[in-house]
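What follows is each chain in one-letter form.
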Amino acid sequence: MRANSALNVAQNLTQTAGNSLGGFLYRFSGAGGMFLMNGISYLFSGFLSLFLKVRNPPENKKAGSEPLSFWKDLKSGIGYTAKFTGLKDLILMAFILNFFASGSFLLLQPLFLSTPGFGIQRYGIAAGAISAGNLMGMLFTSVFRIPSGKQMTLFLAAAAATRS
């Protein structure tokens, strides 16, 4: 869980900066300017990928064993996950939260565009603030170890705090 949180910290840092900067860029360059910048950055990254060197993966060192195919590896991973009730619950909770969070986040943009005094720039700032909140949660989770008896209490307290 701590390693996953550390990985998500990096993702949320880029989302926080990107969403906030995106709102300001839209304000100053408009949609056309943003599409132009996106296209240029895409071409630039494609050009840089020409210089990547890809090494062959190391062969499986066990005598007599063959490398796993994608489907065998997937089946093995699902079987491993099915053995752990806590992991299954975590995946189910993440699925449910992401399903509703994505829908709610999608509805924010029309709300900001139709509310006088808001607009796309403030939407970008709000999206950045949401990512910053996610980042703080990931940092908290990766730094502090929460005793198993208090995890549900902390989860419910966080859910109540976001509700109000």
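Positions within a chain are numbered from 1, following the residues in the order the chain's sequence is written. In keeping with the predicted nature of the model, local features appear solely for residues at pLDDT of at least 70, side-chain atom pairs appear and are counted solely at 80 or more, and the whole-chain, interface and lining totals rest on all residues. To get the side-chain values, take all heavy atoms of the structure and skip hydrogens and water.

> Summarise the packing of aromatic side chains; cite the residues concerned and give the values.
Any pair of Phe, Tyr and Trp rings, taking the six-membered ring for Trp, is counted once the centres come within 6.5 Å. Such a pair is stacked with planes under 30 degrees apart, edge-to-face with planes over 60 apart, and tilted for the rest. In total, this model carries five aromatic pairs according to the counting rule given. Between the aromatic rings of Phe99 and Phe100, the centroid separation amounts to 5.1 Å while the plane-to-plane angle is 80°, which identifies the pairing as edge-to-face. Summary of the burial criterion: residues with accessible area below 20% of their type's maximum are buried, those above 50% are exposed, and those between are partly exposed, where the area comes from a 1.4 Å probe applied to protein chains only. A relative accessible area of 55% places Phe99 in the exposed class. On the numbers, 4.9 Å between centres and 45° between planes, the contact of Phe112 with Phe118 is tilted. Among the residues examined, Phe112 registers a relative accessible area of 10% and is labelled buried. Relative accessible area serves as the criterion here: at 41%, Phe118 is assigned to the partly exposed category. Through pairs of rings, three or more aromatic residues link up here, namely Phe112, Phe118 and Tyr123.

> Residues and numbers for the confidence of the model for the protein, please.
Confidence in the prediction of the protein, expressed as mean pLDDT, is 79, and 89% of residues score 70 or more. Predictor confidence is given residue by residue as pLDDT, running from a minimum of 0 to a maximum of 100. Each helix corresponds to a stretch of at least 4 residues labelled H or I by DSSP, and each strand to a stretch of at least 2 residues labelled E; elements are numbered beginning at the N terminus. Within the protein, the lowest mean pLDDT, 74, falls on helix α5 (residues 151-163), and the highest, 83, falls on helix α2 (residues 70-82).

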